[in-house]
Amino acid sequence: MMGGVLTQEARAGSSGAPLAALPPFAATLQGFWKGEVLWHCQLAHFTTLKVGGPAQAVIMPSRIPELALLIKGLRQHAIPWRIMGRGSNILVPDDGFPGVVIVMGQGLAAIRQVAEDADGVIVEVEAGCGLARLVKWTMAQGLSGLEFAAGIPGSVGGTIVMNAGAFGGAIGDHILAIGLMDGQGAYHVAERRHCRFSYRGLTIDHPDLPGPVRLGKGGGRHREDVLVLAGTFRFTRGVQHEVADRCRALNAKRKASQPQGMASAGSFFKNPPEAAAGRLIDEAGLKGARVGGAVISPKHANFIVNAGNATARDIVELMHLVQETVWKRAGIRLEPEVDIWQPEGGERH
Ligand SMILES: Cc1cc2nc3c(=O)[nH]c(=O)nc-3n(C[C@H](O)[C@H](O)[C@H](O)COP(=O)(O)OP(=O)(O)OC[C@H]3O[C@@H](n4cnc5c(N)ncnc54)[C@H](O)[C@@H]3O)c2cc1C
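Rules used in this analysis
Residues numbered from 1 in each chain as written. Predicted model: local features only at pLDDT ≥ 70, side-chain atom pairs only at ≥ 80, totals over all residues. Helix = DSSP H or I, 4+ residues; strand = E, 2+ residues; numbered from the N terminus. Buried ≥ 20, exposed ≤ 12 C-beta atoms within 10 Å, placed from the backbone. Contact = placed C-beta atoms within 7 Å. Near = placed C-beta within 6 Å. Nonpolar A, V, L, I, M, F, W, Y, C, P; charged D, E, K, R; others polar. Core = buried A, V, L, I, M, F, W, Y, C linked by C-beta atoms within 7 Å. Pairing = 2+ DSSP bridges. Axes fitted to C-alpha atoms, helices over the stretch in contact; angles between N-to-C directions. Arc of directions from axis to C-beta. pLDDT = per-residue confidence, 0-100.

J.: Quick question: what am I supposed to make of the overall build of the protein here?
T.: Looking only at helices and strands, the protein features eight helices and 20 strands. Residues counted as buried form 44% of the 349 residues belonging to the protein. For the protein, restricting intrachain contacts to residue pairs at least 6 apart in sequence, the fraction spanning at least 24 positions comes to 64%.

Put into structure tokens, the structure is as follows:
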């Protein structure tokens, strides 16, 4: 089951909570949020690593005005919150998250072609749209640009925030503008000149926001206070079967080198400037290394996989083992690419 999709299992995990067990902010939340809430919902259901304890509440908004009211209310009442897409680049602690997790899912997932010119097509895509669905859509239209993304399991919002990329391409190369919501629930459009895409990161420098805002992992203050609602992309016209062939070829390359059918978050560490992280881990003799249920994939050393019963603690311990071993052997400090959620208060300020 993919993260971000409201599953039977996730519903069942939240439905039996007796009223008395609801979090202290429940009545306040229900004062300004009239939609569905999954109480005490295991976040492992929403992450591709399949680890993570309960969020006190999970909400999956399906309309922008509702989301604006939600964000405003959460801020006004100082209820902690986080956002995720498909949870394919997040490590949630075993203790879960003491607050509201907003999941951008199928409710906010429209794809709209908004213009067409001699160079190609301009398409607006909502943040909850699965990247796989967008790749399939562009492929069917014979639009070129996203071939590199075939096989990346994120949402469009998470992909923009992480500036996800592969095979020399990255999502930021195709962005014309990004629709944003700030912590007051107000809507802004960041044009390309306001966006600084970096290796697995995005900083927005927009006159309406209080200073540059780094989104995603490693962000500065209050990074969750800016949400990505949609991206506007330019794709070039190509020949339909050629675009499809390139997607298939790159996906096959991905499958040949990466573990299949195992829970993971993709590449765990960023590639340092000196060398590929996978090669450094392999050369340190760590393929197959294990802590509890967390294992360094024998197929690709930069993948930490959940062999079935891993905890977040196992994964963090294995991460530290890798960092220490590579540091001792090569003098290079590996930095996680995955967004490791810290306990509330530890990361936000
Ligand atoms: C098998 C596998 C293969 C992968 N291959 C690649 C690859 O080739 N290249 C690559 O770059 N990545 C890869 N990844 C990692 C991951 O898929 C990408 O980073 C992905 O695009 C993240 O999208 P997501 O919706 O899952 O984001 P999440 O994991 O849900 O979130 C990632 C970060 O973005 C934030 N966020 C999510 N949505 C929003 C939003 N709407 N507004 C503001 N913040 C938001 C979250 O708080 C978090 O900080 C892979 C992962 C897996 C499991």
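Anyway, onward from the coordinates.
J.: Would you mind going over the environment of Val228 with me for this structure?
T.: Inspection of the secondary structure puts Val228 in strand 16 (residues 227-237). Beyond its immediate sequence surroundings of up to four residues, Val228 is in contact with Ala127, Gly157, Ile160, Val161, Ile178 and Leu180.

J.: It is not clear to me how the site of the ligand should be interpreted in this structure. Could you clarify?
T.: Around the ligand sit 33 residues in total, of which Gly85, Gly154, Gly157, Gly158 and Gly266 are the nearest. Sorting the residues of the shell around the ligand by element identifies strand 3 (81-84), helix 5 (156-162), strand 9 (165-166) and strand 16 as the ones contributing at least two each. With five residues, the single largest contributor to the shell around the ligand is helix 5. Its residues placed into classes, the shell around the ligand shows 15 nonpolar, 14 polar and four charged.

J.: Is there a simple way to think about the nonpolar core in this case?
T.: The tendency in soluble globular proteins is for nonpolar side chains to be buried side by side. In terms of nonpolar packing, the biggest core is built from 95 residues, with Val58, Leu91, Val101, Ile304 and Ile315 touching the most fellow members. The contacts of Val58, once residues within four sequence positions are left out, are Leu38, Cys41, Val101 and Val103.

J.: Could you clarify how one ought to interpret the sheet that holds strand 1 (residues 38-42) in this entry?
T.: Remark on secondary structure: sheet strands pair via backbone hydrogen bonds, oriented parallel or antiparallel. An order of 1-2-5-3 is seen for the four strands of this open sheet, with the pairing classed as mixed. On the outer flanks of this sheet lie strand 1 and strand 3, each paired with one strand and no other. Averaged over neighbouring strand pairs, the angle between their axes works out to 40° when direction is ignored.

J.: Can you walk me through unusual backbone geometry in this structure?
T.: Residues other than glycine predominantly adopt negative phi, and peptide bonds predominantly adopt the trans conformation. A positive phi angle is found at Ala78, which is not glycine, with a value near 50°. The topology assignment puts Ala78 in the loop between helix 3 (64-76) and strand 3. Owing to 9 C-beta atoms within 10 Å, Ala78 belongs among the exposed residues under this scheme. The residue Asn163 is not glycine, and still its phi comes out positive at about 45°. Mapped onto the fold, Asn163 is located in the loop between helix 5 and strand 9.

J.: I keep staring at the pairing of strand 3 and nothing clicks. Help me out?
T.: Residues in a regular strand project their side chains so that they alternate between the two faces of the sheet. Burial along strand 3 is two-sided: the residues Trp81 and Ile83 and Arg82 and Met84 are all buried. Of the strand pairs in this sheet, strand 3 and strand 5 (residues 97-103) are connected by four bridges, and their pairing is parallel. The partner of Arg82 across the bridge, within strand 5, is Val101.

J.: How do you make sense of the sheet that holds strand 18 (residues 294-296) when you look at a structure like this?
T.: The strand order across the open sheet built from three strands is 17-18-19, with neighbouring strands paired in antiparallel fashion. With partners counted over all chains shown, the strands left at the sheet margins are strand 17 (290-291) and strand 19 (304-306), one partner each. As paired elements, strand 17 and strand 18 share two bridges and run antiparallel to each other. Following the sheet pairing, Val291 is matched in strand 18 by Ala294.

J.: What is the right way to read the pairing of strand 11 (residues 175-181) from this model?
T.: Among the seven residues of strand 11, five are classified as buried, and the element is accordingly described as predominantly covered. Note that strand 11 and strand 16 share six bridges and pair antiparallel. From the neighbouring strand, Ile178 faces strand 16, where its bridge partner is Gly231. Pairing analysis gives five bridges linking strand 11 to strand 12 (residues 187-191), with the strands arranged antiparallel. The partner of Ile178 across the bridge, within strand 12, is Ala190. Hairpin connection from strand 11 to strand 12: five residues lie between these consecutive antiparallel strands, with Gly185 at a positive phi of about 85°.

J.: When you look at helix 4 (residues 131-141) in this model, what are you seeing that I'm missing?
T.: Within the sequence span of helix 4, burial applies to Leu131, Leu134, Val135, Thr138 and Met139. Buried residues of helix 4 fall within an arc of 135° about the axis and therefore sit on the same side. In this structure, the buried side of helix 4 is in contact with strand 6 (111-117), strand 7 (120-126), strand 8 (143-144), helix 5, strand 16 and helix 6 (240-257).

J.: Looking at this structure, how should I read the environment of Lys253?
T.: Within the fold, Lys253 resides in helix 6. In the structure, Lys253 is positioned 86 residues away from Phe167 in sequence and 9.7 Å away in space, judged by C-alpha atoms.

J.: It is not clear to me how the environment of Arg133 should be interpreted in this structure. Could you clarify?
T.: Mapped onto the elements of the fold, Arg133 is located in helix 4. Each C-alpha atom, one on Arg133 and one on Pro153, is 9.7 Å from the other, the two residues being 20 residues apart in sequence.

J.: What is the right way to read the confidence of the model for the protein from this model?
T.: Fine structural detail should not be taken from predicted coordinates in areas where pLDDT scores are low. Within the protein, residue pLDDT values average 91, and 90% of them lie at 70 or more. The model gives residues 1-9 a pLDDT under 50, and that stretch makes 26 contacts with residues more than four places away or in other chains. In this model residues 12-16 is a low-confidence stretch, pLDDT under 50, and it forms seven contacts with partners more than four residues away in sequence or in other chains.

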